[in-house]
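# Coordinates in review
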Amino acid sequence: MQRLSLLPAILLSLALSAPAAHAVDPAPTWLASWTASPQAVWRSDFLFPSNVPAVLHGHTVRQVARLSVGGPRVRIVLSNAYGKAPLRIGAATVALAASGSAIEAGSLRTLTFSGQPAASVAPGAPLVSDPVDLSVPDLARLTVSIHLPQASPVSTFHWDGRETAWIAPQDQTRTARIDDAPGMQTTTARLLLSAIQVEAAPGAQTVAILGDSITDGATASLGMDARWPDFLAKRLAPHGVAVINAGISGARLLSDGMGDNALARFERDVLTQPGVRTVVVLLGINDISWPGTAFAPRQKRPTLEELTNGYTQLVAQARSRGVRLIAATLTPFEGALPGTPLSNYYQPEKDALRQQLNAWIRASGSFDAVLDFDALARDPAHPLRLLPAYDSGDHLHPGDAGNRALAEAIDMSLLLPARQP
């Protein structure tokens, strides 16, 4: 019996004295490096034109997107989120962008889906491509070309892409440039393409920005990567932190607008994106200002309690996933959108609600941090207005200089993983 009782101790001694197994390097991880949040294409009687064809049939759509963090392999995500029927993909390619619609020689890669060059995107669903070997540096511009061989109603898009996209007849996915193709059309909307993911080093993370047209870049210079999340991506990329833009022009926190309300789309557009560990939210101005305008003439303005409850729900969703949530205060907008059908977007009582919401954001303690964009962007001589140097001219959206200022004012210690408390 004594000999048997020694056996556990002997085995433990052998285990402790055995040579350690070779350490295995952690597997690379997939990281969201660029996104464009899907929207339902609206009817032709909406206030703004959709700027996309009603149907694509035999066309190739070519789009350019600037990544944040790069990597040795990439994959794309297509979206049929608002489609009622399967969407047939005949062919798709990815390449490093040159200028305009041109691609860099030697960089073209054929995309496959479950090993096949063609696929169908189910109604209401995304479609993720197989990974492709293509080494892309930080802040690389990629060109994605997609051929739709069958009649395909355009039901899902991202309205304000801030980039030119080309729509050309026939399969042009392998063509070096298509902007001179006969019958070519252009749009600044995003079609089908909703995300680009990169294979990143272990521990890499993504910061997601959930917002409206100020984040989506409504007045940022076309094709210049001049939205405030673009400038932030440039600051964070050297640290291995990606930035994705989940802004939708006309977005609202509580109600559907030019896209689903933020509470409904938070899971899809932010929390399920690979690598997201921190979210910055800049939302609420359309909730406050749309009611009574041509957008929502009979809609009631939300109360402060309803707005704060909405923010509290975002916090709860984020923390259930272990994601940090940072809130930004709403920027000034006196005199917004003059000479347009939305010239009543600003009213003193609307601004009073904006200031009440900002006071709650600053003082509630509900968030992991607060970015005081209101204090940064306002004119000290006229605090209800944007600083003229930051104003795009419509008194609502910052221009390129204002976008840069917002991004550069953010304390990096709030966003870099190694420095998080």
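Owing to the predicted nature of the structure, the values given are computational and were not obtained by experimental measurement.

Excluding glycine, a negative phi dihedral is what most residues carry, and trans is how most peptide bonds are arranged. Its identity is not glycine, yet Ser-114 carries a phi of approximately 55°, on the positive side. Among the structural elements, Ser-114 can be located in the loop between strand S8 (109-110) and strand S9 (119-121). Ser-114 sits in the exposed class, given a relative accessible area of 70%. A positive phi angle, near 65°, is found at His-395, a position not held by glycine. Structurally, His-395 is set in the loop between strand S25 (382-386) and helix H9 (400-408). According to the relative accessible area criterion, His-395 is partly exposed, its value standing at 24%.

Here we take up the confidence of the model for the protein chain. Per-residue pLDDT for the protein chain has a mean of 93; in total, 93% of the residues score no lower than 70. Low pLDDT, under 50, characterises residues 1-23; the predicted model gives this stretch zero contacts beyond four residues in sequence or across chains.

This part covers the pattern of salt bridges. Scanning the model with the defined rule gives 18 salt bridges in all. Residue Arg-73 is joined to Glu-199 by a salt bridge in which the shortest nitrogen-to-oxygen separation is 2.8 Å. Of this pair, Arg-73 sits in strand S5 (residues 71-79) while Glu-199 sits in strand S18 (residues 193-200), placing them 126 residues apart in sequence. Take Glu-199: its relative accessible area is 14%, and that puts it in the buried class. For Asp-269, the salt bridge goes to Arg-268, with nearest N and O atoms at 2.6 Å. Exposure remark for Asp-269: the relative accessible area of 3% places this residue in the buried category. Each of Asp-351, Arg-354, Arg-362, Asp-372, Asp-374 and Arg-378 takes part in a single network of salt bridges with overlapping partners.

This paragraph deals with the sheet that holds strand S2 (residues 39-40). In a beta sheet, neighbouring strands are held together by backbone hydrogen bonds and run either parallel or antiparallel to one another. Strand order in the open sheet made by the three strands is S2-S14-S17, with antiparallel pairing throughout. The outermost strands of the open sheet, each flanked by one partner alone, are S2 and strand S17 (190-191). The pairing of S2 with strand S14 (residues 156-158) spans two bridges and is antiparallel. What sits directly across from Gln-39, in S14, is Phe-157.

Since the α-helix packs 3.6 residues into each turn, any two residues three or four apart lie on the same face. In this model, helix H7 (residues 348-363) (16 residues) spans 23 Å end to end at C-alpha, consistent with the 22 Å of a helix rising 1.5 Å per residue. Three or more residues of H7 are buried, namely Lys-350, Asp-351, Leu-353, Arg-354, Leu-357, Asn-358 and Ile-361. Within H7, the buried residues cover an arc of 155° as seen down the axis, which keeps them to one side. Pointing more than 90 degrees away from the buried face of H7 are the exposed residues Pro-348 and Ala-363. Against the buried residues of H7 lie helix H5 (285-289), helix H6 (304-320), strand S22 (324-328), strand S23 (369-371), helix H8 (373-377) and S25. Phi turns positive one or two residues past the end of H7, at Gly-365, with a value near 75°.

Right, let's talk about H6 for a bit. Between its terminal C-alpha atoms H6 stretches 24 Å, which fits the 24 Å expected from 17 residues at 1.5 Å a residue. Within the span of H6, buried status applies to Leu-307, Thr-308, Gly-310, Tyr-311, Leu-314, Val-315, Gln-317 and Ala-318. Buried residues in H6 make contact with strand S19 (205-211), helix H4 (262-271), strand S21 (276-282), H5, S22 and H7. Looking one or two residues past H6, Gly-322 carries a phi angle of roughly 70°, positive in sign.

Moving on to the pairing of S21. Summarising burial for S21: six of the seven residues are buried, a large majority. Note: S19 against S21, six bridges, orientation parallel. Across the sheet, residue Val-207 finds its bridge partner in S21, namely Thr-278. Here S21 runs beside S22; their pairing, made up of four bridges, is parallel. Bridge pairing in S22 links Thr-278 to Arg-324.

Each value, and the rule that gives it
Residues numbered from 1 in each chain as written. Predicted model: local features only at pLDDT ≥ 70, side-chain atom pairs only at ≥ 80, totals over all residues. Heavy atoms only, no water. Helix = DSSP H or I, 4+ residues; strand = E, 2+ residues; numbered from the N terminus. Buried < 20%, exposed > 50% of the residue type's maximum accessible area, 1.4 Å probe, protein only. pLDDT = per-residue confidence, 0-100. Contact = heavy atoms within 4.5 Å. Salt bridge = Lys/Arg side-chain N within 4 Å of Asp/Glu carboxyl O. Pairing = 2+ DSSP bridges. Expected span 1.5 Å × (residues − 1). Arc of directions from axis to C-beta.

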